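Okay, here's what each chain looks like letter by letter:
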Amino acid sequence: MEDSLPLHVCHVHPLSIFINRSHALVHSIALALLFYYRASFFLFQDPKTKATPVLPWLLVFASELVLSFIWLLGTAYRWRPVTRTAFPERLPEDDKLPAIDVFIFTVDPDKEPTLKVMNTVLSALALDYPPEKLHVYVSDDGGSPLTFHSMKEAWRFARWWLPFCERYRIKTRCPEAYLSASKDDDEDFGNSEFIRERKKIEERYEMFKESMTEVKERVKLGDNSRITAQDHPSVIEVIKDDSDETIQIDQPKMPLLVYVAREKRPSLPHHFKAGALNVLQRVSSVISNSPYILVLDCDMYCNDPTSARQAMCFHLDAKISTSLAFVQFPQKFHNVCKNDIYDTQLRSCYTVMWPGLDGLQGPVLSGTGFYIKRVALCGSFILEDIDLTELKQSFGASNELIKSLRGNYKPDVGFLYNSVAEDFLTGFILQCKGWISIYCDPLRPQFLGSGTTKLNDLMIQGMRWSSGLVEVGFSKFCPLIYGPPRMSLLESMCYAELTFFPFYFLPLWCFATIPQLCLLNGIPLYPKVRTHTYPFPSCPAVTFK
């Protein structure tokens, strides 16, 4: 009976679809009337209005066309919105679950506090998943000794933290978030044994933070100026620590933890995060070669330990698994105020746009919080022989990596370098190749991160995103040209809306200045309201405008 139950359910919302499509129809009629009025001004100009300056009309008309074009592309999001529910309890036994590699990325310990990064690492190690099938890789793009030695301290603390989480079924498995939250959230808070164990964990965590401070001081004293963030050799090390004899013998097995710092030289391009992603992909192919990969930013900790099992509800569904590339979870933040005046949470993206995309061919690859299938990135399995030289050109010169491919593979995607928005472009190309994606948004946030709260940081982040999106829009991968022959028209419209949305500022700037100047100078831009006179029997005629 359990085998016949679905692992997930897709909910289509007919009422929302009807409202959205009706609104699009009414809005389109209004736009058509507006364009007729604008065109009639130029084609059938009234002699009385010949003295009206043409430039303001042209600017306003062009702005209305741009806004209408972006709106038209955005209607595709609302064409068929869906939501999904996963049932992790219906998954097969643990020994039948596939292995997962977790990729965590950090660059600068000054901008990304090491303690916060280690909390993300600990939350990933504590995922509710068989530990022998979980492998965590940390990419340190700055090659910092502080990050390397801090990972060893985190590993020691994890040997206490993971059994505690497993024994008492802790939901929040980021130590900092759990220990700073209200104690009333614990189901077993009234248990005297639990109280003692929690106190021990609190003491261990304080010791862990003190050890992190000592590591920082040692690194400062032994700082090697020849190794910088942009110039350092490669380092790959599996983190282990067998020196602590106080750990009990019956401790459960720990997941694999690997530190990776790729080689960086000033004379060679490193391709930012996309380059780091591809390096971890190659390294993990040799060490663990798990069929699925979870990608996380260093400040995006696992807030719900069941995210891996929820993602597997979709990846293991025989009906869609052969074409499913990745499962995307929304980005949510723990440090954003209630007002959120900068919209750091990107509410329209994760409440309107991504559910709409999910009803078409799937959401956009969003940089963090997604479980992606390795074969979708590495290539597709083929039966015919392939030249070894061609494989090495695509995957590097490592013989061990070539062996790890477990057969003959045709080079496919990887994370692309054509744009700084590597996640957006990679997801777009995957879907153009026939892959689909899933958007899963459970009630409890699966991942929580630190959102930008300063205007300066927000502008830098927005500039980077906008430049990457526009770069794609004006490249050979323009969604309106490259997409329609390879994916649905509505999906292409959604991708195009994202690439052209940064131009939204041009018509807004125009509407913020031109109508006001025209009003002050008596230049009409919109139809005048006609005057009608309605006589009343017992009073003089009253005129309404």
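Residues numbered from 1 in each chain as written. Predicted model: local features only at pLDDT ≥ 70, side-chain atom pairs only at ≥ 80, totals over all residues. Heavy atoms only, no water.

As recorded in an unreviewed UniProt entry, the chain goes by the name Glycosyltransferase 2-like domain-containing protein, listed as coming from Fagus sylvatica. UniProt annotates the chain under Subcellular location (unreviewed entry) with the comment "Endomembrane system". (UniProt positions renumbered as here; feature names shortened; annotations may be inferred.)

Let us now look at the overall build of the chain. A count of helices and strands for the chain gives 18 helices and 17 strands. If you take every contact in the chain between residues at least 6 apart in sequence, the share linking residues at least 24 apart comes to 81%. (Helix = DSSP H or I, 4+ residues; strand = E, 2+ residues; numbered from the N terminus. Contact = heavy atoms within 4.5 Å.)

The next point concerns the pairing of strand β11 (residues 370-373). Looking along a regular strand, one sees the side chains alternate between the two faces of the sheet. The alternating pattern of β11 places Phe370 and Ile372 on one face and Tyr371 and Lys373 on the opposite face, and all of these are buried. Judged from the four bridges that link them, strand β7 (residues 292-297) and β11 form a sheet pairing that is antiparallel. Across the sheet, the residue bridging to Tyr292 is Lys373, located in β11. Two elements, strand β9 (residues 324-328) and β11, share three bridges in a ladder whose sense is antiparallel. Looking at β11, one finds that Val327 is bridged to Tyr371. (Buried < 20%, exposed > 50% of the residue type's maximum accessible area, 1.4 Å probe, protein only. Pairing = 2+ DSSP bridges.)

Phi at His271 is positive, roughly 60°, even though this residue is not glycine. Note on placement: His271 falls in the loop between β6 (256-261) and α7 (272-287). Assessed through its relative accessible area of 33%, His271 is described here as partly exposed. Of note, the phi angle at Phe272 is positive, near 55°, even though the residue is not glycine. Within the secondary structure, Phe272 is located in helix α7.

With mixed pairing, eight strands are arranged side by side in an open sheet as β5-β6-β4-β3-β7-β11-β9-β14. Single-partner strands in this sheet number two, and they are β5 (235-238) and β14 (436-439). On average, each strand axis in the sheet is tilted by 20° relative to the strand beside it, whichever way the strands run. As paired elements, strand β3 (residues 100-106) and strand β4 (residues 134-140) share seven bridges and run parallel to each other. (Axes fitted to C-alpha atoms, helices over the stretch in contact; angles between N-to-C directions.)

The grouping of Phe42, Leu43, Phe44, Val54, Leu55, Leu58 and Leu59 at the surface amounts to a nonpolar patch, some 690 Å² of accessible area in total. Listing elements by their share of the nonpolar patch, those giving two or more residues are α1 (14-43) and α2 (54-74). The leading source of residues in the nonpolar patch is α2, at four residues. One can find Val54 in helix α2. Overall, Val54 belongs to the partly exposed group, its relative accessible area being 37%. (Patch = residues over 30% accessible without salt bridge, like charges linked within 9 Å, V, L, I, M, F, W, Y side chains within 5 Å. Areas by Shrake-Rupley, 256 points an atom, 1.4 Å probe, with all protein chains shown as cover. Salt bridge = Lys/Arg side-chain N within 4 Å of Asp/Glu carboxyl O.)

This part takes up the UniProt feature "transmembrane region" (unreviewed entry) in the chain. As recorded in UniProt, the feature "transmembrane region" (unreviewed entry) lies at residues 24-44 and 56-79. With 95% helix and 0% strand, residues 24-44 has its two end C-alpha atoms placed 29 Å apart. Taken end to end, residues 56-79 is 79% helix and 0% strand, and its two terminal C-alpha atoms sit 35 Å from one another.

Another aspect to go through is the side chain of Ser366. Here Ser366 lies in the loop between α9 (347-358) and β11. The contact partners of Ser366, leaving out residues within four places of it in the chain, are Gln328, Gln331, Tyr350, Trp354 and Asp423.

Here Leu357 is to be found in helix α9. Each C-alpha atom of the pair Leu357 and Leu490 lies 8.8 Å from the other, and the pair is 133 residues apart in sequence. In this view, Leu357 contacts Tyr77, Gly362, Pro363, Val364, Glu491 and Cys494; residues no more than four positions away in its chain are not counted.

Take the confidence of the model for the chain next. For the chain, per-residue confidence averages 87 on the pLDDT scale, and residues scoring 70 or more make up 85% of the total. Low pLDDT, under 50, characterises residues 245-249; the predicted model gives this stretch four contacts beyond four residues in sequence or across chains. (pLDDT = per-residue confidence, 0-100.)

The next subject is the pattern of salt bridges. Charged atoms that come close allow side chains of opposite charge to pair. A complete count under the given rule lists 18 salt bridges for this structure. Of the charged contacts, one joins Asp297 and Lys273 as a salt bridge, the two residues approaching to 2.8 Å between their closest N and O atoms. Of this pair, Asp297 sits in strand β7 while Lys273 sits in helix α7; the two residues are 24 residues apart in sequence, bridging distant segments of the chain. Bridged by salt links that share partners, the residues Asp94, Asp128 and Arg309 form one connected network.

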